Amino acid sequence: MPTKTFLLDADDASEMPSTKSGVNLEKYQSALNAAQFEAVTTTEGALLVVAGAGTGKTKTLTYRVGHLIESGVAAQNILLLTFTRRAAQEMLVRAASFADTRCAHILGGTFHAYAHKLLREYASKINLAENFVVLDQIDAEDTIEIVRTALGFNKKEKRFPKKNTLQRIISTATNKQIPIEEVIENSYPQFFPLTDDILKVADAYRDYKRTNSLLDYDDLLTHLKTMLETQSDVRHRIASQLRYVMVDEYQDTNLVQADLVALLSSVHGNVMAVGDDAQSIYSFRGANFRNILDFPKRFPNTKIIKLEENYRSTERILELTNSVIRQAKEKFSKNLYTKIKPGGELPAIVAAPDERYQSRFIAQRILELREKGIALNQIAVLMRNSRDSFDLELELKKRNLPFVKYGGQKIVEAAHIKDFVSYLKVLYNPRDILAWNRILRLLDGIGPKTAQDLADWIKTAPNPYHFATANVSPKYLDALKKLGTLLANLSQNLSPLIAVSETLLKYYQPILREKYYEDFSKREKDLENFLGIVANYTSLATLLADLALEPIDLSAMETKATLKDESPLTLSTIHSAKGLEWHTVFLINVLDGTIPSRYAVGETESIDEELRLLYVALTRAKNLLYISYPIICKGAEDYFGNPSRFLQAMPESLYEKLLLVDSKQVQPQLSAPPRQLQPPEQDHDLPF
DNA sequence: CAGACGACATTTTTT
DNA sequence: ATGTCGTCTG
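Not measured: the values here are computed from a predicted model. (Residues numbered from 1 in each chain as written. Chains lettered and ligands numbered in written order. Predicted model: local features only at pLDDT ≥ 70, side-chain atom pairs only at ≥ 80, totals over all residues. Heavy atoms only, no water.)

We now examine the overall build of chain A. From N to C terminus, chain A includes 28 helices and 17 strands. Here chain A, with 688 residues, has 55% of them falling under the buried criterion. Once local pairs closer than 6 in sequence are excluded, the contacts in chain A between residues at least 24 apart make up 78%. (Helix = DSSP H or I, 4+ residues; strand = E, 2+ residues; numbered from the N terminus. Buried < 20%, exposed > 50% of the residue type's maximum accessible area, 1.4 Å probe, protein only. Contact = heavy atoms within 4.5 Å.)

Of note, S386 is situated in the loop between β10 (379–383) and α18 (390–398). Sequence separation of S386 and Y406 is 20 residues, and the distance between their C-alpha atoms is 8.2 Å.

Take the side chain of S501 next. Structurally, the position occupied by S501 is in helix α23 (residues 497–515). Among residues more than four places away in sequence, those in contact with S501 are F420, L424, L531 and V534.

This brings us to the layout of surface pockets. Its volume calculated, the second largest pocket comes out at about 540 Å³. Lining of the second largest pocket is provided by 25 residues; of these, D142, E145, I146, N437 and Q452 occupy positions nearest its centre. (1 Å grid on protein atoms, 1.4 Å probe; cavity = no way out; pocket = protein on both sides within 12 Å on 5 of 7 lines; lining within 4 Å. Points joined across faces, edges and corners; volume = space filled by probe spheres on them.)

Let us look at the packing of aromatic side chains. Here the structure, examined in full by the defined rule, presents 17 aromatic pairs. Seen from their ring centres, Y28 and F98 are 6.2 Å apart, and the 75° between their planes marks the pair as edge-to-face. Residue Y28 is found in helix α2 (residues 25–31), and its partner F98 is found in helix α5 (residues 85–98); the two are separated by 70 residues along the sequence. The class for Y28 is buried, based on a relative accessible area of 0%. (Phe/Tyr/Trp six-rings, centres within 6.5 Å; stacked < 30°, edge-to-face > 60°.)

Attention now goes to helix α21 (residues 448–460). Helical geometry note: an α-helix holds 3.6 residues per turn, so side chains three or four residues apart project in the same direction. With 13 residues, α21 should cover 18 Å at 1.5 Å per step; its first-to-last C-alpha distance of 19 Å lies within 8% of that length. Within α21 the residues assigned to the buried category are T450, A451, L454, A455, W457 and I458. Take α21 and look down its axis: the buried residues cluster within an arc of 160°, on one side only. Among the exposed residues of α21, those pointing more than 90 degrees away from its buried face are P448, K449 and T460. On its buried side, α21 packs onto α20 (433–440) and α22 (474–492). (Expected span 1.5 Å × (residues − 1). Arc of directions from axis to C-beta.)

The geometry of helix α19 (residues 415–428) relative to α20 is characterised by a closest axis approach of 8 Å and an angle of 125° between their N-to-C directions. Taken together, the axis directions place α19 and α20 in an arrangement best described as oblique. Handedness of the crossing formed by α19 with α20: left-handed. Between α19 and α20, the contacting residues are A415, K418, D419, S422, Y423, K425 and V426 on the first element and A435, W436, R438 and I439 on the second. Grouping the constituent residues of the contact of α19 with α20 by class yields six nonpolar, one polar and four charged. (Axes fitted to C-alpha atoms, helices over the stretch in contact; angles between N-to-C directions. Parallel < 35°, antiparallel > 145°, perpendicular 65-115°, else oblique. Left-handed = near helix turned anticlockwise from the far one by under 90°. Nonpolar A, V, L, I, M, F, W, Y, C, P; charged D, E, K, R; others polar.)

With that out of the way, let us pick up α5. Helix length check: α5, at 14 residues, gives a terminal C-alpha distance of 20 Å against a target of 20 Å (1.5 Å per residue), a fit within 8%. Buried residues along α5 sit in contact with α4 (57–70), β2 (78–82) and β3 (107–110).

Right, let's talk about the protein's contact with DNA strand B for a bit. Every one of the 28 residues lining DNA strand B counts as a neighbour, but Q137, R384, G445, K449 and T450 are closest to it. Among atoms of DNA strand B positioned within 4 Å of the protein, sugar and phosphate together represent 65%. Taking Q137, its side chain carries an N or O atom lying 2.6 Å from a base oxygen of DNA strand B. H575 is positioned such that a nitrogen or oxygen atom in its side chain is 3.4 Å from a base oxygen of DNA strand B. Tallying contributions element by element places α21 first for the surface near DNA strand B, with three residues. Among the residues making up the surface near DNA strand B, the classes are represented as eight nonpolar, 14 polar and six charged. (Near = heavy atom within 4 Å. Polar contact = N/O pair within 3.5 Å; in protein donor to acceptor, adjacent residues only side chain to side chain.)

Attention now moves to the nonpolar core. Core analysis: the largest hydrophobic core is formed by 78 residues, its most contacted members being W436, L440 and L504. At eight residues, the largest contribution of residues to this core is made by α23. When neighbours within four sequence positions are excluded, L440 is seen to be in contact with I446, A451, L454, I458, F467, L480 and L483. Ranked by size, the runner-up nonpolar core spans 44 residues in total, among them I325, L382, L587 and M650. (Core = buried A, V, L, I, M, F, W, Y, C linked by side-chain atoms within 4.5 Å.)

Here is the structure:
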């Protein structure tokens, strides 16, 4: 007998929180200012909160969750989309502590993670294998390489774009929702004559993903969007459940994500976006700060609330940051002010003779601050590029200052971790062609071609672990059999996961030593730490999904593992510092060409984005702010670096200059001597 | 066809 | 400093 589904409309009348009856609003009123309070209590309809840096954006979201839960809304009816999982968890823990433990159970996470969850659930609705594989960026590049080679473009043209360029072109087109031709024309004019071939690669890549059930990051969003657009019953089911949808960092969403927000909130229409157009720093990922301006157009009758009172920074810091954002060509109407932190120390601009001096200055200043009782975890060093801190890291290690670094290479992107994870992937999904490809090439005598041939066999083999039935040369049959038997045995019993991993590590270790003989011990330590992460998981599926969707910073893992007592100092890229704050912030390498990045120079739009990036960095500081750059930079040849053009445009009254003088080499002062800083006592061990 | 070696270019930021 | 490409050898 055929069964039909009858969809009931959301029953608002009966589910409605008994308006504010059970909620003690005084608690909220006393903790929030008027604008924040309004944002928290405006629960119905569309709401846009334009929140300047440090104006209590997170607090507002946190309290809003608390308020909804205390009003009787069930946790599974609230969705909070954030930029990182870290951000979501922090908010939920906070909400749980002041309001109700149920706060911890609301739906949420990143767009990608939430999309992933829904797609697993509804995969069958869009002809997607339930055990589809999520490709991280490296996987995506490797896949593109496979189709590129299959198309023969690897030898044909000398200057054919490389796999990561191809990946970027394709991804940019998706994220900005523009044709690939346009991306090439705008950003990669040198490849314009090859447009047709690039399009062929893009098509082949899409087909390859579809036949092999592979989804890259962009697919997670676009597949969900397509599903919600075309399957109205699914959309209705999902959106009915989501009575309240909240989106953090809306200025960094792209068009696809904006569409998703609309689709997810299409039944109830209770959607809140929080963001700051002045802090939009992800245009390279398709984000457009104009999205936030378009929000009211997309959702008619949007109520707009502005948060402009800053609680984070001192008046001196705010004056400087306000002047920075005023340099933007596209102006923003924002006027941050402070009532509670008047005055303060002038921010300092530090011209260090070279990078070594810069590092010594920072290390020494941090030690002084610690003496004064500022905890290390209240201090951060920020930089434009992850590698800008290498010299400083050496200095910090030398002085035994513990630090955690965020940004830069992700643990799963390191080749040896990727190798190891591939074994796990093959256990999870024996048809994971990409993972097979990787681990097969680790065997002696198997190169790209043989690996590809074997992968083709695996695709249809009745038992992919049973290589005896494959038609392979005896040269490597033994090695294959050994691998196959190991995997077959492990797949019989996947728990405990940590035991499986240890067995695999034993198998992989000799390969690792052979392949990376130059630095295998460092890599072995990485793997050891990685097993520590694995130990927290019981489900292989969850582990693999988390690795793809919430990549862990390699060095963060490394340092966390070695930390003992003192809570560490933070080193972070500006991008990874979003939403965070510290008592003291150092921003290093503020050079023209670094920030603004030399790749951004030329276009007003990208220069503005670099300026916003600087703005984000400076607005992280609560009390002390140091901006530094080396005068002499090292490269193939040493050269004179120019301070960032943004610094040169700052009014001189808003900062003080700091000149570093080595205590051993007292130099004659040229003009009025700025404040001097004494170098460390133990400088005798420095190479001067 | 695998693997080693040398030339060459190439360097953001992240889910 | 690193990865990628082409070329050569076995």
